[in-house]
Amino acid sequence: MSQLQFFLALVAGGLCAAALALSLVTPFEQGLLLKAFLALGFLSLIRFFVPLGLWADGAFAVLGAVAVLTAIGVFAPTPAFFWMALIAAWLFAWLFVERLSKALAPGLADNAGLGLLIPIVFGVTILVAWEAITRAGNVPQVILPPPSMIWARITASVPTLLADFQQTFLKAVLIGYALGCGLGFVVAILIDRSPFLKSGLLPLGNFVSALPIVGVAPIMVMWFGFDWPSKAAVVVIMTFFPMLVNTVAGLNASSAIERDLMRTYAAGYWQTLMKLRLPAAGPFIFNALKINSTLALIGAIVAEFFGTPIVGMGFRISTEVGRMNVDMVWAEIAVAAVAGSVFYGVIVLIERGVTFWHPSVRGA
Amino acid sequence: MTRTLPLIIVLIAIVAIWYAAAIGLNAQWQNDVYRRGDVTNVPATQFVLDTWNQEKPVLPTAHQVFGELFKLTVLTDPTKPRSLVFHAWVTFSATALGFVMGSVLGIGLAVLIVHNEAMNRSLMPWIVASQTIPILALAPLIVVIGFNIFTGTFGIPTDPARLMSKAIISAYLSFFPVAVGMVKGLRSPEAIQLDLMHTYNATPNQTFWKLRWPASMPFLFASLKVGVAASLVGAIVGELPTGAVAGLGARLLAGSYYSQTIQIWAALFAASILAALLVIAVGVVEKLVNRSMGARPA
Amino acid sequence: MSAVVSAQNLGLTFRTNDGDVVALSDVNLTIEKGEFVSFIGPSGCGKTTFLRTIADLEQPTSGTLDINGQTPEQARKARAYGYVFQAPALYPWRTIEKNVALPLEIMGYTSAQQAERVKRTMDLVNLAGFEKKYPWQLSGGMQQRASIARALAFDADLLLMDEPFGALDEIVRDHLNSELLKLWERTQKTICFVTHSIPEAVYLSTKIVVMSPRPGRVTDIIESDLPRARPLDIRESPEFLAIAARVRDGLRAGHSYEEAV
């Protein structure tokens, strides 16, 4: 047992013991599950005499989470031992993760799904703590609504969320992304044959990537109107330069020896491009596609802060913030987060299929 | 010389395209003006000059934008709200404060992640995943709610409260790239270099300060450059929601309300110049650090 | 017999920031059809540069160079030679058979011809059964064999090899050397082979060109009278050792010149 594990186990058990003692002043049948958890947590101190498996700590953490969630609102006002139980449950989860990660093979990310368990435990811990603190602590909903309320808002507002998603993601993001990436790629191929244009445009492209391009949104709104084309235009501008710069870099990624080989075959420009330089540029192009997937979503949402028809994710966020409907804002953000990660995930899947040979993908 | 010449020529070409596009985009308005004023037979040169000097053009020309920039920076008292220096300073202070907070937090978290396997396995997937989601969408929420908390709960005056809530957005935007880059950097020493420290029986502290920290510097500065640019975007977007009257983002929004295209373009260029200065400043620090670490001057 | 490669007073000077570097100076050499010629010398002696000049990857600055009576550029466009580099340079996104088929695709062979030639050359280098593998799934020796197959696939009569086995360990290298000899025997190709290993050069060659640096030049040309059939233990025979000694003398002569400068 490491120093940290020793400390965590001691504090978790001790907290449970103290909380159990404090809880005895309430009627026995009130919050029975919570008290059962505290009793079991107290008993966990026997680990200093009899070793306990790491899964026992996992079970304590799960039991604690369930007990705390079901005990919300049982006691009024929320007593100190409730918070102590929450902290104890969190410490058990931490201890479990600490022991599990020591048990896993170092360097291996997966370990038959167990590696995946750790971030999930972390995420669930955050959600449970969020729920318990906001509800039991009576945090004003305007400041932070509990996850359950956000979820209720999501299920209650599916049509609105869907319309916003369609307006912002399916129209502005996807169309702008396709146009911006396609344009960046084509321009990269066109300037590839001219070292002059390359040395003129590349520093510019690199420079532009540091600029706050979302600022062009008001101009685009003026030029293309309030509807999605202006947002797509912002997305085009935001995604164009990363694709240009990465594709140009990728086209130069093939080694001298590989290019000499094509020369010994007396291969033409297009043959060298198709058979060597484009495949070699694959990892760079996918890198741009991944960067751009996030940029596109940001561009479209922020552009909507500058005016839209009465639909769209960015529009909804800015107006509902104004009305203090914070749960709706969080619902919209949840949709944006899911859309963003799925978008990214799809590109990663395609990348794995196309650039399977690259060391970063095949894990060499 | 051979490297700057193409850049100069490309820039000249862009300006030429800019002016040509201004003629086309502003022509319709100019024709309307002539029609209303019953002006006919305008010579072509006069027409072109008119399209280049409208008051609210669809596309303002370079001399209009830079003229506005010059007027609002050099010729205006920087303490007056008309001055772009004033607005740039408001944005810069939020950016800098947030950038420092985010970077310190990112570096600190990276150190924890590198030294604790449980932290690494719990946090890294979420930090990486968070880069794929549009966290900037949270900006209005943080500005409004944060502002209310700071002024209401803590009783902070409005100006510092507004600064703090913008700085928080800047901080979390720069936090993620710095944390990821720094984890990569602290892990960049090769196995044999770590083995060498191991043969010396070096403490984790010694290994950190003598090997991991110096090895992470290139990664740190690369991600700091990304982070400072992201911080600026965060501060600008933080100035968009209701209430903000100062800052480059507020200038953009005001310009778009009143169709003041020249004002929008001037604010946009001011923001770009600020971004460039910030990245250059990080680059200068990088050079100084490199020199103090005995790197060959490149 | 006709000259496959013929160089007269060939010179090549690289212009660099540190001044001119004479990579080749006054090289005179004729290579006949069916010969196995090794180029040996310390690094910087111009042996690789000479090979690259034959392949039209570098342009000579003086003298003349004919390949099959043509200029190097014409020869390259006529696909007169196959080139094997120091590294396998297989494309990681192509399977082994697709890599071997790469020159055939570029040169416009039909897919039936491609399949036939890929099979034939894969058999020739003993790689049958590995067609569907990717390069990174193969050992270094197998990768280099695949790159030889790729150079053989389009049946050029001239094979240019630039330290092809330099990165391999000695056991694999011995094995590939004897395989290369058998291949040469079977295909009757002309082979130009750059190496910095004396035993390798003597074991493989009918002619050994000894070169020395600063400026890169030929110091000795040794005709080997070893029999064409060469078991590995020929390397202990007195004839073999005599030739090796002469090569070593030639290298030392070039060296003393360098030290005298």
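Residues numbered from 1 in each chain as written. Chains lettered and ligands numbered in written order. Predicted model: local features only at pLDDT ≥ 70, side-chain atom pairs only at ≥ 80, totals over all residues.

1. Let's talk about the overall build of chain C
The following threshold applies: For the purposes of this entry, the term helix denotes a DSSP run of H or I that reaches at least four residues, the term strand denotes a run of E that reaches at least two, and both are numbered from the N terminus. For the radius of gyration, the atoms used are the C-alpha atoms, and the globule rule reads 2.2 Å times the number of residues raised to 0.38. Counting other C-beta atoms within 10 Å of each residue's C-beta, where C-beta atoms are placed from the backbone, gives the exposure class: buried for 20 or more, exposed for 12 or fewer, partly exposed between.
Looking only at helices and strands, chain C has eight helices and nine strands in total. Computed over the C-alpha atoms, the radius of gyration of chain C is 18 Å, within 12% of the 18 Å expected from 2.2 N^0.38 for a compact globule of 261 residues. Projecting the C-alpha coordinates of chain C onto the three principal axes gives extents of approximately 55 × 40 × 40 Å. The buried share of chain C, reckoned over its 261 residues, is 45%.

2. Digging into the nonpolar core
The test is simple: Connectivity within a nonpolar core runs through C-beta atoms within 7 Å, and the core itself is a set of buried Ala, Val, Leu, Ile, Met, Phe, Trp, Tyr and Cys residues. By the convention adopted here, residues make contact when the C-beta atoms placed from their backbones lie within 7 Å.
In terms of nonpolar packing, the biggest core is built from 260 residues, with Ala85(A) and Val234(A) touching the most fellow members. Setting aside its immediate chain neighbours within four residues, Ala85(A) contacts Ala19(A), Leu34(A), Phe37(A), Leu38(A), Gly64(A), Ala67(A) and Val68(A).

3. Observations regarding the domain arrangement of chain A
Accessible area lost on assembly of the parts is the figure often given for the size of an interface. Test applied: Where each domain begins and ends follows an automated or database-derived domain assignment.
We note that the domain assignment places domain 1 (3-139) and domain 2 (155-362) within chain A. When each unit is reduced to the centre of its C-alpha atoms, the spacing between domain 1 of chain A and domain 2 of chain A is 43 Å.

4. Some thoughts on the interface of chain A and chain B
With 47 residues of chain A at the contact, the number on the chain B side is 47 residues. Secondary structure elements with two or more residues in the side of chain A that touches chain B: helix H4 (80-103), helix H5 (114-136), helix H8 (195-208), helix H9 (217-224), helix H12 (269-304), helix H13 (313-322) and helix H14 (326-354) of chain A.

5. Side note on the sheet that holds strand E6 (residues 158-162) of chain C
Whether parallel or antiparallel, the strands of a sheet pair through hydrogen bonds between backbone atoms. Residue and element names in this part refer to chain C. What counts, and what does not: One requirement defines pairing of two strands: DSSP has to find at least two bridges between them. For every element, the axis is a line fit to its C-alpha atoms; helices are fit only across the contacting stretch, and the angle between N-to-C directions ranges from 0 to 180 degrees.
As summarised here, the arrangement of the six strands in space is E5-E6-E7-E3-E8-E9, forming an open sheet in which the pairing is mixed. Strands with a single pairing partner mark the edges of an open sheet, and in this sheet they are strand E5 (81-84) and strand E9 (217-223). Sheet twist, expressed as the average angle between the axes of neighbouring strands with direction ignored, equals 15 degrees. Relative to strand E7 (residues 190-195), strand E3 (residues 36-40) runs parallel, the two sharing five bridges. What sits directly across from Ser38, in E7, is Phe193. Along the sheet face, helix H1 (residues 47-54) touches E3, E6, E7 and strand E8 (207-212) and points at about 150 degrees away from the line of E7.

6. Considerations on the sheet that holds strand E4 (residues 62-67) of chain C
Residue and element names in this part refer to chain C. The three strands lie next to each other as E2-E1-E4, forming an open sheet whose pairing is antiparallel. Edge positions in the sheet fall to strand E2 (19-32) and E4, since each of these pairs with one other strand and no more. Along the sheet, successive strands turn relative to each other by an average axial angle of 20 degrees, direction set aside. Here strand E1 (residues 3-16) pairs with E2 via 10 bridges, running antiparallel. Each bridged residue has a counterpart across the sheet, and for Leu10 the counterpart in E2 is Val27.

7. With respect to helix H7 (residues 158-186) of chain B
All names here are of chain B. Just so we agree on the cut-off: Multiplying one less than the number of residues by 1.5 Å gives the expected span of a helix. Bend is computed residue by residue as the angle between axes fitted to the seven residues ending at the residue and the seven residues starting at it.
When the terminal C-alpha atoms of H7 are compared, their 40 Å separation across 29 residues agrees well with the 42 Å that a helix rising 1.5 Å per residue should span. Considering bend angle alone, the principal kink of H7 is centred on Phe175 and spans about 30 degrees; proline Pro177 follows within four residues of it. Burial analysis of H7 places 24 of its 29 residues in the buried class, the great majority of the element.

8. With respect to the environment of Val247(C)
All names here are of chain C. Position of Val247 among the secondary structure elements: in helix H8 (residues 238-260). Residue Val247 is classed as buried on the basis of its 24 C-beta neighbours within 10 Å. Taking the C-alpha atoms as reference points, Val247 and Ile40, separated by 207 residues in sequence, lie 8.6 Å from one another. Apart from the residues within four sequence positions on either side, Val247 is in contact with Ile40, Ile198, Ala201, Val202, Ile208, Val210 and Ile222.

9. What to know about the arrangement of the chains
Contacts are most numerous between chains A and B, taken over all two pairs of chains that touch. One finds no contact linking chain B with chain C; the least C-alpha distance across the pair is 16 Å.

10. A few points about the packing of helix H7 (residues 158-192) of chain A against H13(A)
How two helices sit against one another is set out by the angle between their axes and by the gap between those axes. Residues and elements named next belong to chain A. The following threshold applies: Here is the rule for angles: anything less than 35 degrees is roughly parallel, anything more than 145 is roughly antiparallel, 65 through 115 is roughly perpendicular, and the remaining ranges are oblique. Put simply, Ala, Val, Leu, Ile, Met, Phe, Trp, Tyr, Cys and Pro go in the nonpolar bin, Asp, Glu, Lys and Arg in the charged bin, and everything else, Gly too, in the polar bin.
The contact between H7 and H13 brings their axes to 7 Å, and the two run at 125 degrees. If you check the angle between H7 and H13, you find them oblique. Side by side, H7 and H13 meet where Asp164, Phe165 and Thr168 of the first sit next to Met313, Gly314 and Arg316 of the second. For the contact of H7 with H13, a count of residues per class yields two nonpolar, two polar and two charged.

11. Observations regarding the pairing of E1(C)
Residues and elements named next belong to chain C. Following E1, the chain reverses through two residues before pairing antiparallel with E2. Examined bridge by bridge, E1 and E4 share five bridges and lie antiparallel to one another. Bridging across to E4, Ala7 finds its partner in Leu65.

12. Notes on unusual backbone geometry
Residues and elements named next belong to chain C. A cis amide bond links Arg214 to the next residue, Pro215, at an omega of -10 degrees. One non-glycine residue, Asp56, adopts positive backbone phi at about 65 degrees. Position of Asp56 relative to the elements: it lies in the loop between H1 and E4. Phi at Gln188 is positive, roughly 60 degrees, even though this residue is not glycine. Secondary-structure assignment places Gln188 in the loop between helix H6 (170-187) and E7.

13. Regarding the interface of chain C and chain A
Every contact between the two is made by 18 residues of chain C and, on the other side, 16 residues of chain A. Within the residue set of the side of chain C that touches chain A, elements represented by two or more residues are helix H2 (72-77) and helix H3 (96-106) of chain C. The element that contributes the greatest number of residues to the side of chain C that touches chain A is H3(C), accounting for three residues. For the side of chain C that touches chain A, the residue count by class is 15 nonpolar, no polar and three charged.

14. Here's the deal with the domain arrangement of chain C
Residues and elements named next belong to chain C. On domain assignment, one finds that chain C holds domain 1 (3-80 + 157-260) and domain 2 (88-155). Computed over C-alpha atoms, the centres of domain 1 and domain 2 are 25 Å apart. Examining the composition of the side of domain 1 that touches domain 2, we find that four residues originate from one element, H6, more than from any other. Tallied by class, residues from the side of domain 1 that touches domain 2 come to eight nonpolar, no polar and two charged.

15. Side note on the confidence of the model for chain C
Heads up, the rule is: A residue's pLDDT is the predictor's confidence in that residue, given on a scale from 0 to 100.
Predicted confidence across chain C gives a mean pLDDT of 88, with 97% of residues reaching 70 or more. Per the prediction output, this complex has pTM 0.83; the corresponding ipTM is 0.83.

16. Examining H3(C)
By the criterion of burial, H3(C) is predominantly enclosed, with nine of the 11 residues buried. Buried residues of H3(C): Ile96(C), Glu97(C), Asn99(C), Val100(C), Ala101(C), Leu102(C), Pro103(C), Leu104(C) and Ile106(C), and no others. Tucked inside the fold, the buried residues of H3(C) contact H12 of chain A together with helix H4 (111-124) and helix H5 (140-152) of chain C. Phi for Gly108(C), located one or two positions after H3(C), is positive at around 80 degrees.

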